Amino acid sequence: VQLQASGGGLVQAGDSLRLSCAASGRAFSSTVMGWFRQAPGKEREFVAGITRNGDQTDYGDSVKGRFTISRNNAKNTMSLEMNSLKPEDTAVYYCAARPTYSTAIYRSSRQYENWGQGTQVTVSS
């Protein structure tokens, strides 16, 4: 699976932003998808994950209640709706995929095989 993330930008605290991830290659509906982020000097952090058919989602504690992950298997896309953004949300955001027959959502970056190039999100105070 090849991934292309987009939608990042510079916003103010409290604003909203929507990230998109376009996938190509093998069957998108057979992949567990996730969003991760990495701020300068910090480890890559799990943001959100979604099962193959989109029936289950999982979120990192710092974004729970503010971010929403979704996917459209017919269009081979995944999105991350980010609301009430905070300066601490500033990071490079990556989409990731793992082909699997499992119904699990993976929270570790080591469990994902394919990565997009990242899109910068900057939230000013």
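Keep in mind that this is a model prediction, so the values were computed, not measured. (Residues numbered from 1 in each chain as written. Predicted model: local features only at pLDDT ≥ 70, side-chain atom pairs only at ≥ 80, totals over all residues. Heavy atoms only, no water.)

A look at the state of the cysteines
- Under the counting rule described, the total for this entry stands at one disulfide.
- Put simply, Cys 21 and Cys 95 are joined by a disulfide, and their sulfur atoms are 2.2 Å apart. Handedness here is read from the sign of the S-S torsion; for Cys 21 and Cys 95, about 70°, the answer is right-handed. Here Cys 95 lies in strand β9 (residues 91-99) and Cys 21 lies in strand β3 (residues 17-24), a separation of 74 residues in the sequence. No difference in accessibility class separates Cys 21 from Cys 95, as the two residues are buried. (Disulfide = S-S within 2.5 Å. Helix = DSSP H or I, 4+ residues; strand = E, 2+ residues; numbered from the N terminus. Buried < 20%, exposed > 50% of the residue type's maximum accessible area, 1.4 Å probe, protein only.)

A closer look at the nonpolar core
- Core analysis: the biggest nonpolar cluster contains 29 residues, and Trp 35, Met 78, Leu 80, Met 82 and Tyr 93 have the highest contact counts within it.
- Looking at this core, the elements with two or more residues in it are β1 (2-6), β3, β4 (31-38), β5 (45-50), β7 (67-72), β8 (77-82), β9 and β11 (119-124).
- The next biggest cluster of nonpolar side chains, apart from the first, holds seven residues, and it includes Ala 96, Ile 105, Tyr 106 and Tyr 112. (Core = buried A, V, L, I, M, F, W, Y, C linked by side-chain atoms within 4.5 Å.)

A few points about the pattern of salt bridges
- A complete count under the given rule lists six salt bridges for this structure.
- For Asp 58, the salt bridge is made with Arg 107, and the minimal N-O distance between the two is 2.5 Å. You can see Asp 58 sitting in strand β6 (residues 57-59) and its partner Arg 107 sitting in the loop between β9 and β10 (114-115), a full 49 residues away along the chain.
- Residue classification places Arg 107 among the partly exposed positions, given a relative accessible area of 40%.
- Residues Arg 66 and Asp 89 are paired through a salt bridge, measuring 2.8 Å at the closest nitrogen-oxygen approach. Residue Arg 66 is found in the loop between β6 and β7, and its partner Asp 89 is found in the loop between β8 and β9; the two are separated by 23 residues along the sequence. (Salt bridge = Lys/Arg side-chain N within 4 Å of Asp/Glu carboxyl O.)

Overview of the sheet that holds β3
- Across the sheet, four strands lie side by side as β1-β3-β8-β7; this open sheet has antiparallel pairing. Looking at the sheet topology across the chains shown, the edges are occupied by β1 and β7. Between one strand axis and the next, the sheet turns by 15° as a mean value, whatever way the strands run.
- The pairing of β1 with β3 spans five bridges and is classified as antiparallel. (Pairing = 2+ DSSP bridges. Axes fitted to C-alpha atoms, helices over the stretch in contact; angles between N-to-C directions.)

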